[in-house]
Amino acid sequence: MPSISTIAQAEEVQKASPEQAIPLFQSILASTGTKDSTKNDQETALLKLAQCYRDLHRPNELAALIHDSRTLITTIPKAKTAKIIRTLIDYFSEIPNTLPLQIDVCKQTIQWTIQEKRIFLKQALETRLIALYLDNKMYSDALALVATLLKELKKLDDKMMLVEVQLLESRVCHALRNLPKAKAALTSARTSANSIYCPPLLQAALDMQSGILHAEEKDYKTAFSYFYETLEGYSSLEDPRAISALKYMLLCKVMLNLSEDIQSILNSKVALKYRGVGVDAMKAIATAHQNRSLQEFEQALATYREELDNDPIIRNHLASLYDKLLEQNLVRVIEPFSRVEISHIAEIIKLPAQQVEIKLSQMILDKSFLGVLDQGAGCLVVFEEIPVDKTYEGALDTMKNMANVVESLYEKASKLT
C-alpha cells in the first residue's frame, strides 16, 4: 500500500530528476487497495507522473497514461474525474508539436465518455476539441462540432459552457473572415454571460474577442478600451495572454496615429511587468510610423519577424498599415512631378521598381491620383485634377425645387376652387 512518505519521497525525487521519479509513481499506481487514502495517493501519483512526461517532452507516454488510467478514473467521483482528465489533456499543450496527437487522444477519450454515459465530461472534452481544431486550422470540423454541441447545451441550459462554445464559434468564424457571423456568435455569448456569474478569465476572453472584432471594423478607439479591460483581467490572474492584450493596445494607438501615447501606456503600473521583446517590436513599429519611414518599418518587420508574423491579428493590421504608409510616401514623392521615371521613384523610397509599379497601378485604379503608367518608357504620367463644373448639378437642383414649388401651388389652388 502506498504511504504518504512514499508519495513525498517520489515528489522530492521529481524535483531533482523527473526521469528517476517515473518508476516510483508507476509503482504507486500499480498498487492495490480500497481505502480512501490509497485512492488519493493514486490520484496524486497519476497527475505527478503526467507532469514528469510533460517536463520530459514524452507525448506518447502521456497519451498511453491517459488511456491506461481509465480503470482508476472509473473509481473516482465524477466531478473529480472531469478535472483530472482535462488537466491531463492540458499537459499536452506544453509539449511542442503535439497538436495532432492531442486531437486523437481527445477523440478517444470522448468515445470512452459516451460508453460510460458521462454526458457533462463529454461536453467539456468536446469544447476542448473545438479549441484544438481551431489551433490546428480545422475550421469545418470545428463548426460541425459547435453546431451539435450548441443544441445539446441549450437543452441542458448549461450557460457557462454555452458561453465558452459560442466564444469559440466566434473565433472560428473570425478565422474564416466571416465577420457578421463572428459578431453574432459573440453577441450570443455575451447575452448568455449576462445571466450567470462569469469568471474573470472567461470575461477577459470575451473582451479580447470584442476588441479584435472592433479592430477589424477599423473602430480602434472602442477596440482599445476592450483590450485595456482584457489586460487588467489577465494581469490580475497572472495569465501570459496579458502580453497579447498589451500588444493589441499599442497596435490600436498606432492605427489611430497616436504613437506618442505609447510611452505613457508602457509606463503604467499594469504594463511595466510585461516589457519584453514583443512590446519592443510594437515600439519599433510605432517609431517607424511616427517618422513615416518605410525603411524603418521594414527593418522593424525583419528584426521582430517572429513576434509580428506569428500573430495573425497584428500581421493583418500591419499589412494594411504598410500599404497606407507606402501610399502616403508615393503621393509625397510624385507630387512635384508631371512625368517621372518609375526607377527614380523606387530609388527615392528605396523599394524594388516592380513593387512600386504595381502599387502605382493600384493607386491609379483606386483614383488616389490621376495618371497613367507609360510602361514603354518606364514612366508615370501625372495629370492635374480638373475642377468639376457644378453648374449642371446646380441647374438640376433648381429645376427640381421649381417643380416642387409648382406642385404645391397647384394643390393650394385646387383647394380654393
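Residues numbered from 1 in each chain as written. Predicted model: local features only at pLDDT ≥ 70, side-chain atom pairs only at ≥ 80, totals over all residues. Heavy atoms only, no water.

Engineer: Sorry if this is basic, but what is going on with the overall build of the protein chain here?
Structural biologist: From N to C terminus, the protein chain includes 23 helices and three strands. Over its C-alpha atoms the protein chain spans a radius of gyration of 31 Å, topping by over 25% the 22 Å that the globule rule assigns to 417 residues. Seen along its three principal axes, the alpha-carbon backbone of the protein chain occupies a region of about 100 × 75 × 45 Å. Counting over 417 residues, the protein chain shows a buried share of 42%. A separation threshold of at least 6 residues defines the contact pool for the protein chain, and within that pool the share at least 24 residues apart is 59%. With the model as given, the accessible surface of the protein chain reaches about 23,000 Å², and the carbon-plus-sulfur share is 54%. Each charge class in the protein chain was averaged separately, 48 positive and 53 negative side chains, and the resulting centres sit 6 Å apart. (Helix = DSSP H or I, 4+ residues; strand = E, 2+ residues; numbered from the N terminus. Rg over C-alpha atoms; globule rule 2.2 N^0.38 Å. Buried < 20%, exposed > 50% of the residue type's maximum accessible area, 1.4 Å probe, protein only. Contact = heavy atoms within 4.5 Å. Areas by Shrake-Rupley, 256 points an atom, 1.4 Å probe, with all protein chains shown as cover. Lys, Arg positive; Asp, Glu negative; His and termini not counted. Charge placed at Lys NZ, Arg CZ, Asp CG, Glu CD.)

Engineer: Whenever I open this one, the pairing of strand β2 (residues 371-374) confuses me. Can you help?
Structural biologist: Regular strands have side chains that alternate between both faces of the sheet. Examined bridge by bridge, β2 and strand β3 (residues 379-382) share four bridges and lie antiparallel to one another. Along β3, the bridge assignment pairs Asp374 with Cys379. (Pairing = 2+ DSSP bridges.)

Engineer: Help me understand the pattern of salt bridges, please; the structure alone is not making it clear to me.
Structural biologist: Any two side chains of opposite charge can pair, given that their charged atoms come close. Enumeration over the complete set of coordinates arrives at 16 salt bridges. As a salt-bridge pair, Glu94 and Arg54 come within 3.6 Å of each other at their nearest N and O atoms. Here Glu94, found in the loop between α6 (78-90) and α7 (99-116), pairs with Arg54, found in helix α3 (residues 36-55); they are 40 residues apart in sequence, far enough to count as distant. Note that Lys273 and Glu238 form a salt bridge whose closest N and O atoms lie 3.6 Å from each other. Linking Lys273 in the loop between α16 (269-272) and α17 (277-290) with Glu238 in the loop between α13 (220-236) and α14 (242-255), this pair joins segments that are 35 residues apart in sequence. (Salt bridge = Lys/Arg side-chain N within 4 Å of Asp/Glu carboxyl O.)

Engineer: Help me out: how do you make sense of the packing of aromatic side chains in this one?
Structural biologist: Given two aromatic rings, their pairing is described by the distance between the two centres and the angle made by the two planes. Summed over the entire model, instances satisfying the criterion amount to two aromatic pairs. Between the aromatic rings of Phe227 and Tyr248, the centroid separation amounts to 5.2 Å while the plane-to-plane angle is 50 degrees, which identifies the pairing as tilted. Within this pair, whereas Phe227 is found in helix α13, its partner Tyr248 is found in helix α14, the two being separated by 21 residues in sequence. Of the two residues examined, Phe227 and Tyr248, each falls in the buried class. (Phe/Tyr/Trp six-rings, centres within 6.5 Å; stacked < 30°, edge-to-face > 60°.)

Engineer: Would you take a moment to explain the sheet that holds β2 for this structure?
Structural biologist: Neighbouring strands of a sheet are bound in pairs by backbone hydrogen bonds; such pairs are parallel or else antiparallel. If you trace the three strands from one edge of the open sheet to the other, you get β1-β3-β2, paired in antiparallel fashion. A single partner strand is all that each edge strand has here, and the edge strands are β1 (339-341) and β2. Sheet twist, expressed as the mean angle between neighbouring strand axes with direction ignored, is 20 degrees. On the sheet, helix α21 (residues 342-349) packs against β1, β2 and β3 and is oriented at approximately 70 degrees with respect to β1. The strands that helix α22 (residues 353-365) touches are β2 and β3; relative to β2, the one it contacts most, it runs at about 150 degrees. (Axes fitted to C-alpha atoms, helices over the stretch in contact; angles between N-to-C directions.)

Engineer: How do you make sense of the packing of helix α11 (residues 179-194) against helix α12 (residues 200-216) when you look at a structure like this?
Structural biologist: A packed helix pair is summarised by two numbers, namely the angle formed by the two axes and the spacing between the axes. Running from N to C, α11 and α12 cross one another at 150 degrees; their axes reach a closest spacing of 11 Å. By the angle between their directions, the pair α11 and α12 is classed as roughly antiparallel. Remark: the crossing between α11 and α12 carries left-handed chirality. Counted together, Leu179, Ala182, Lys183, Leu186, Ala189, Arg190 and Ala193 of α11 and Gln203, Leu206, Asp207, Gln209, Ser210, Leu213 and Glu216 of α12 form the full contact between these two elements. The class makeup of the residues in the contact of α11 with α12 is seven nonpolar, three polar and four charged. (Parallel < 35°, antiparallel > 145°, perpendicular 65-115°, else oblique. Left-handed = near helix turned anticlockwise from the far one by under 90°. Nonpolar A, V, L, I, M, F, W, Y, C, P; charged D, E, K, R; others polar.)

Engineer: What should I look at first to understand α7 in this one?
Structural biologist: Relative to the 26 Å expected for 18 residues at 1.5 Å per residue, α7 spans 26 Å between its end C-alpha atoms, a close match to the ideal helical length. Buried residues of α7: Gln102, Ile103, Val105, Cys106, Thr109, Ile110, Trp112 and Thr113, and no others. Among the structural elements, α4 (59-68), α5 (70-73), α6 and α8 (119-135) are those in contact with the buried residues of α7. Backbone geometry just after α7 places Lys117 at a positive phi near 60 degrees. (Expected span 1.5 Å × (residues − 1).)

Engineer: Sorry if this is basic, but what is going on with the packing of helix α20 (residues 312-334) against α22 here?
Structural biologist: Their axes nearest at 11 Å, the elements α20 and α22 cross at an angle of 90 degrees. Between α20 and α22, the angle is such that the two are roughly perpendicular. Facing α20, whose interface residues are Tyr322, Asp323, Leu326, Glu327, Leu330 and Val331, α22 presents Gln355, Val356, Lys359, Leu360 and Met363. Considering only residue class, the contact of α20 with α22 consists of seven nonpolar, one polar and three charged.

Engineer: Is there a simple way to explain helix α10 (residues 159-175) in this structure?
Structural biologist: Residues three or four positions apart in an α-helix share a direction because the helix packs 3.6 residues into each turn. Between its terminal C-alpha atoms α10 stretches 24 Å, which fits the 24 Å expected from 17 residues at 1.5 Å a residue. If you check which residues of α10 are buried, you get Met161, Leu162, Val163, Val165, Gln166, Leu167, Leu168, Glu169, Ser170, Val172, Cys173 and His174.

Engineer: Mind showing me how you'd approach the state of the cysteines here?
Structural biologist: Note: disulfide means a covalent bond formed between the sulfur atoms of two cysteine side chains. Per the stated rule, a full pass over the model turns up zero disulfides. Free of any disulfide, Cys198 has its nearest neighbouring cysteine sulfur in Cys173, separated by 20 Å. (Disulfide = S-S within 2.5 Å.)

Engineer: What should I look at first to understand the pairing of β3 in this one?
Structural biologist: Taking every second residue as pointing to the same face, both faces of β3 are buried, with Cys379 and Val381 on one and Leu380 and Val382 on the other. Bridge analysis of β1 against β3 gives three bridges, and the strand direction is antiparallel. Paired with Val340 across the bridge in β3 is Leu380.

Engineer: In this structure, what is going on with the confidence of the model for the protein chain? I would like to understand it.
Structural biologist: Detailed reading of predicted coordinates is not advised where the pLDDT is low. For the protein chain, per-residue confidence averages 86 on the pLDDT scale, and 97% of positions sit at 70 or higher. For the stretch residues 1-5, pLDDT sits under 50, and the model shows eight contacts to residues farther than four places along the chain or on other chains. (pLDDT = per-residue confidence, 0-100.)

Engineer: I'm lost on the side chain of Glu169 in this one. Help?
Structural biologist: Within the fold, Glu169 resides in helix α10. Each residue touching Glu169, except ones within four places of it in the same chain, is listed here: Val146, Leu150, Lys181 and Ala185.

Engineer: Any chance you could explain the environment of Pro312 here in plain terms?
Structural biologist: Within the secondary structure, Pro312 is located in helix α20. Exposure remark for Pro312: the relative accessible area of 41% places this residue in the partly exposed category.

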